Amino acid sequence: MIEGLPMRFTGDGLPSEVRIHEVGPRDGLQNEQATVPVEVKSEFIHRLRDAGLGTIEATSFVHPKWVPQLADAEELMPLLGDLPPDLRLPVLVPNSRGLERAVAHGCRHIAVFASATESFARANLNRSLDESLAMFEPVVTRAKAERQWVRGYVSMCFGDPWEGAVPPAQVVRVCRALLDMGCDELSLGDTIGVATPGHVAALLGELAAAGVPAARTAVHFHDTYGQALSNTLTALQHGVTTVDASAGGLGGCPYAKSATGNLATEDLVWMLQGLGIETGVDLARLTATSSWMADRLGRPSPSRTVRALTGADTGAGSRPNSHKEQ
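Worth saying up front: this structure is predicted, and the values here are computed from it rather than measured.

Novice: Would you mind showing me how to read the overall build of the chain here?
Specialist: Regarding its fold elements, the chain presents 12 helices and 9 strands. At 19 Å, the chain has a C-alpha radius of gyration in line with the 20 Å of a compact globule built from 326 residues. Per-residue burial for the chain yields a buried fraction of 54% across its 326 residues. For the chain, the share of sequence-separated contacts (at least 6 apart) that also reach a separation of at least 24 residues comes to 74%. Surface exposure of the chain reaches about 13,500 Å², of which carbon and sulfur atoms provide 51%. Distance between charge centroids for the chain: 3 Å, based on 28 positive and 37 negative side chains.

And the structure:
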């Protein structure tokens, strides 16, 4: 990193701190072509914790047939037993069986994955939208009875590859249903990366009017059209303080051929540092971790910040002599 950069200039109407919900080990790796060894996944999560991330989505207790890249969930969780108890390690559970597996491994934070559209609910869950919500209700109820923290993902909030535009009222209905079930937090997913700042502001406004507070809302943007950071900034200006991101920009979107994947955590941290917003993340350590993982995946990181700070435009891990490390 070049000393003194990014320069810090605070903005009106922005939070003083943001919680980054790191999704690389789960949402990132599940979309990779190669299956990463469980020991590498464990080290990845440990490195992310050492970089200062306090919430790291670890894996998914889904049937191996559907997500073979995460078939080792039972092997992974014991390898994380030495991590500090204050670290949040959410796991995705698709149904009651998935929750049972998560409970058996002592998981204290879980997530369910809903859809704002009928088409995606049928494609991803083989159920109608209402049938999928009915499936999640006993999962959330039992999780709350077990004193677990529950996140509800809502996919296709800004557009759907089959249905096109998604009316905000449709998203509000699903979000309201998940909150009424008992979800502690909602993550608004721009699954195919088509959101724009005005759309983000409009949806958050309608959610607030329906009693869904920004304090219980996170945003999850993909960078298909290069809008992820501008959309994030808009969300912060409207009271959101939790942002999903993936170390090194890991992952992609199987529903949009041009999608460049998740918002890179490094890109997010660089912007937040420039705005004087605290995250608790050590950018140098995080960048080194993403470079390390890129080496294991055999390709450079998609993150522009990782590439800028490591000189990795032609390969992962190299660093220009002209940049002073700190």
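Novice: Looking at this structure, I do not really get the packing of aromatic side chains. What am I missing?
Specialist: Here a ring pair, both rings aromatic, is described through the centre-centre distance and the interplanar angle of the planes. For the structure shown, the criterion picks out 3 aromatic pairs. With 6.0 Å between their ring centres and 45° between their planes, Phe158 and Phe221 make a pair best called tilted. Of this pair, Phe158 sits in the loop between strand S6 (149-155) and helix H7 (168-181) while Phe221 sits in strand S8 (residues 217-221), and the two are 63 residues apart along the sequence. Chaining the aromatic ring pairs together yields one cluster made of Phe113, Phe120 and Tyr153. The ring of Trp149 has Arg88 lying over it, and the distance from NZ or CZ to the ring centre is 4.6 Å. Taking NZ or CZ as reference, Arg151 lies 5.0 Å from the ring centre of Tyr153, over its face.

Novice: Help me out: how do you make sense of the pairing of strand S9 (residues 242-245) in this one?
Specialist: Remark: a regular strand shows side chains that alternate across the two faces of the sheet. Burial along S9 is two-sided: the face carrying Thr242 and Asp244 and the face carrying Val243 and Ala245 are both buried. Across 4 bridges, strand S1 (residues 19-22) lies against S9 in parallel orientation. Across the sheet, residue His21 finds its bridge partner in S9, namely Asp244. Two strands pair when backbone bridges link them, and S8 and S9 are joined in this way by 2 bridges, in the parallel orientation. Among the inter-strand pairings, Val219 is bridged to a residue of S9, identified as Val243.

Novice: What is the right way to read the environment of Ser60 from this model?
Specialist: For Ser60, the location among the structural elements is in strand S3 (residues 59-60). Residues Ser60 and Gly248 lie 188 residues apart in sequence; the distance between their C-alpha atoms is 20 Å. Not counting residues up to four positions away in its chain, the partners in contact with Ser60 are Arg26, Leu70, Ala73 and Leu92. Within polar-contact distance, the side chain of Ser60 engages the backbone oxygen of Leu92 at 3.5 Å.

Quick notes on the rules
Residues numbered from 1 in each chain as written. Predicted model: local features only at pLDDT ≥ 70, side-chain atom pairs only at ≥ 80, totals over all residues. Heavy atoms only, no water. Helix = DSSP H or I, 4+ residues; strand = E, 2+ residues; numbered from the N terminus. Rg over C-alpha atoms; globule rule 2.2 N^0.38 Å. Buried < 20%, exposed > 50% of the residue type's maximum accessible area, 1.4 Å probe, protein only. Contact = heavy atoms within 4.5 Å. Areas by Shrake-Rupley, 256 points an atom, 1.4 Å probe, with all protein chains shown as cover. Lys, Arg positive; Asp, Glu negative; His and termini not counted. Charge placed at Lys NZ, Arg CZ, Asp CG, Glu CD. Phe/Tyr/Trp six-rings, centres within 6.5 Å; stacked < 30°, edge-to-face > 60°. Lys NZ or Arg CZ within 6 Å of the ring centre and 35° of its normal. Pairing = 2+ DSSP bridges. Polar contact = N/O pair within 3.5 Å; in protein donor to acceptor, adjacent residues only side chain to side chain.

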